[in-house]
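Take a look at the letters that make up each chain.
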Amino acid sequence: MHRVRDPIHGMVELRPVEAALIDTRAFQRLRRIKQLGLTHLVYPGAEHSRFTHSIGACHVAGMLAENLERHGWQGSVEEVRVATLLHDLGHPPFSHAGEGGVPHEAMTRLLVQSGEIAAVLADFGFDPSRIAALTAGGGDPVGGALVSGQLDADRMDYLLRDARMCGVRYGEYDLPRLVECIVPGPDGGVAVLRKGLHAVEGLLLARYSMFQQVYFHRTRRALDLLLARVIPAWPVDPEEFLEWDDARAGELLRVDSRAEARAVWERRVPTCVVELEVSGDPAARDEADTIAARLRERLPSPPLVDSSASLTTFRPDGDIPILDGDRARSVFLASPVLRRMDPHVEVRRIYVEPAHAEQARQEIAQTRGQRSEEHTSELQSHSDLVCRLLLEKK
């Protein structure tokens with residue numbers, strides 16, 4: 001048994017197969033892939049890697065699987081740990097910000113089923129195809145849920161790790177309590193005992209806050225949008241893909257003369273002149289569209305628009321059953337806190353070149369003034385119509 005020190009979980013024990021996998025070329029590459037892409041340009045401490053996160057997630061997966069085993073699950077703890085350890089192998093340079101072409105989940109499955117990783121798995125008696133399926137949440141329904149699901153080890157580790165490394169408290173929740181309250185679900189997958197409701201609330205609220213304050217910070221989003229315009233298409237061949245990491249991709253940025261590449265490399269961030277929460281608000285969406293159109297028409301260079309389509313649904317895209325005796329209820333019904341939350345948080349942002357920020361603000365003020373006058377006129381017309389109808393009735 002190998003042991004390593006981890007800043008989040010303390011002393012982490014690794015089994016022989018895990019140590020052998022960590023020593024492969026594909027896994028060592030993760031040392032050179034930052035966990036949060038360009039976030040270190042906003043939160044300087046966010047220099048941690050996919051390497052440390054993967055080891056931490058493997059540790060959490062082991063805790064979860066062993067607890068489920070005590071509750072009667074008969075799956076393989078070892079397979080869950082290994083699949084979780086390997087779940088991020090396919091991330092390209094700059095992590096999610098650099099994703100394009102082959103999704104990282106698909107590249108992960110290719111890497112697990114080929115080359116050195118597949119050979120190590122086979123040497124230790126594991127079926128690479130089974131491990132590949134588990135990395136995407138397939139195969140055993142309980143084991144798959146622990147690797148990629150609403151209560152997976154990936155999320156449980158990255159929230160704590162990202163918060164710690166960014167120097168914020170938003171991602172904190174009660175991991176030990178949550179682990180001990182997760183049990184096999186009545187319809188497959190996993191569920192949470194009623195006594196663990198507050199721990200689940202803590203996890204989901206931590207996720208919500210981290211998305212709001214870190215993952216979709218306005219500066220990081222602007223840099224991500226610029227990066228997306230200049231990154232190349234990464235190779236689809238697994239061996240060629242492994243040649244790419246943050247350092248090599250960063251060298252491409254360094255010598256790229258395009259304005260977007262220079263802005264990212266030199267951290268010249270566009271100015272955010274509009275930030276509107278448009279969740280379920282057609283008027284706010286219309287306002288954002290109107291402002292963007294006016295700025296495209298009036299400014300020397302077009303604005304950079306971060307639309308709601310490129311953000312996320314902050315409530316998870318699935319459900320978490322809460323077990324109360326023989327009854328299972330959605331966490332969003334069982335929790336009075338989550339029951340009152342808006343299921344979507346969508347933000348529309350508009351950025352401009354810093355040199356054009358003042359002109360943009362003037363154009364925005366004029367646009368909003370015109371919209372206010374139009375709205376007042378519409379209200380007056382509606383009021384006049386109501387008065388006429390009332391007079392005609394008399």
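Conventions we followed
Residues numbered from 1 in each chain as written. Predicted model: local features only at pLDDT ≥ 70, side-chain atom pairs only at ≥ 80, totals over all residues. Heavy atoms only, no water. pLDDT = per-residue confidence, 0-100. Contact = heavy atoms within 4.5 Å. Phe/Tyr/Trp six-rings, centres within 6.5 Å; stacked < 30°, edge-to-face > 60°. Helix = DSSP H or I, 4+ residues; strand = E, 2+ residues; numbered from the N terminus. Buried < 20%, exposed > 50% of the residue type's maximum accessible area, 1.4 Å probe, protein only. 1 Å grid on protein atoms, 1.4 Å probe; cavity = no way out; pocket = protein on both sides within 12 Å on 5 of 7 lines; lining within 4 Å. Points joined across faces, edges and corners; volume = space filled by probe spheres on them. Pairing = 2+ DSSP bridges. Axes fitted to C-alpha atoms, helices over the stretch in contact; angles between N-to-C directions. Patch = residues over 30% accessible without salt bridge, like charges linked within 9 Å, V, L, I, M, F, W, Y side chains within 5 Å. Areas by Shrake-Rupley, 256 points an atom, 1.4 Å probe, with all protein chains shown as cover. Salt bridge = Lys/Arg side-chain N within 4 Å of Asp/Glu carboxyl O. Lys, Arg positive; Asp, Glu negative; His and termini not counted. Charge placed at Lys NZ, Arg CZ, Asp CG, Glu CD.

## Here we look at the confidence of the model for the chain
On average, the chain scores 90 in pLDDT, and the residues at 70 or more come to 91%. The low-confidence segment residues 309-315, where pLDDT is below 50, has 25 contacts with residues more than four positions distant or belonging to other chains.

## Description of the packing of aromatic side chains
Evaluation of the coordinates by the stated rule reveals five aromatic pairs. With a centroid separation of 5.0 Å and an interplanar angle of 75°, the aromatic rings of phenylalanine 211 and tyrosine 215 are classed as edge-to-face. Of this pair, phenylalanine 211 and tyrosine 215 both sit in helix 11 (residues 197-215), separated by four residues, roughly a single helical turn. The buried category is assigned to phenylalanine 211, whose relative accessible area is 12%. Among the residues examined, tyrosine 215 registers a relative accessible area of 7% and is labelled buried.

## Section: the environment of alanine 97
Structurally, alanine 97 is set in the loop between helix 4 (77-85) and helix 5 (104-112). Residue class for alanine 97 comes out buried when judged on its relative accessible area of 12%.

## Digging into the layout of surface pockets
Of the voids in this model, the second largest pocket is the one considered here, and its volume is about 360 Å³. What lines the second largest pocket is a set of 16 residues, among which Leu226, Arg229, Pro270, Pro302 and Glu353 lie closest to the centre. When residues in the lining of the second largest pocket are grouped by element, the largest group, three residues, is from helix 15 (residues 259-265).

## Digging into the sheet that holds strand 8 (residues 327-330)
Spatially, four strands are ordered 3-4-7-8 in an open sheet, and the strand pairing comes out mixed. One side of each edge strand has no neighbouring strand; the edge strands of this open sheet are strand 3 (182-184) and strand 8. For this sheet, the mean angle separating the axes of adjacent strands, direction not counted, is 45°. As judged from the three bridges shared by strand 3 and strand 4 (residues 190-193), these two strands associate in the antiparallel manner.

## Points about a positive patch on the surface
Among the surface-exposed residues, Arg194, Arg327, Arg329, Arg339 and Arg340 lie close enough to one another that they form a single positively charged patch. When you line up the elements, arginine 327 lands in strand 8. On the accessibility criterion, arginine 327 (47% relative accessible area) is partly exposed.

## What about the pairing of strand 2 (residues 10-14)?
Judged from the five bridges that link them, strand 1 (residues 2-6) and strand 2 form a sheet pairing that is antiparallel. Opposite arginine 3, over in strand 2, you have glutamate 13 as the bridge partner. Connecting strand 1 to the next strand, strand 2, in antiparallel fashion are three residues.

## Details of the sheet that holds strand 5 (residues 271-277)
If you trace the three strands from one edge of the open sheet to the other, you get 5-9-6, paired in antiparallel fashion. Every other strand in the sheet has two partners, leaving strand 5 and strand 6 (304-306) as the edge strands with one partner each. Averaged over all adjacent pairs, the angle separating strand axes in this sheet is 15°, with direction ignored. With three bridges joining them, strand 6 and strand 9 (residues 347-352) adopt antiparallel strand pairing. Its bridge partner being in strand 9, valine 305 is matched across the sheet by isoleucine 350. The sheet contacts of helix 16 (residues 282-298) involve strand 5, strand 6 and strand 9, and relative to strand 9 the element is tilted by about 15°.

## Examining unusual backbone geometry
You will see that phenylalanine 94, though not glycine, has its phi angle at about 70°, which is positive. By secondary structure assignment, the location of phenylalanine 94 is in the loop between helix 4 and helix 5. A residue is classified by how much of its surface remains accessible, and phenylalanine 94, at 8% relative accessible area, is buried.

## Observations regarding the pairing of strand 9
Counting buried residues in strand 9 gives six out of six residues, a clear majority hidden from the surface. Residue alternation in strand 9 divides its side chains into two sets, Val347, Arg349 and Tyr351 and Arg348, Ile350 and Val352, and both sets are buried. Across six bridges, the pairing between strand 5 and strand 9 is antiparallel. Residue pairing for strand 9: glutamate 277 is matched across the bridge by valine 347.

## Points about the pattern of salt bridges
Tallied over the full model, the rule gives 28 salt bridges. The partner of arginine 161 in a salt bridge is aspartate 157, with the nearest N and O atoms 2.9 Å apart. Remark: aspartate 157 and arginine 161 occur in helix 9 (residues 153-166); sequence separation between them is four residues, near one turn of the helix. Pair check on accessibility: arginine 161 and aspartate 157 agree, each one buried. One salt bridge connects arginine 177 with glutamate 180, and the closest N-O pair in it is separated by 2.7 Å.

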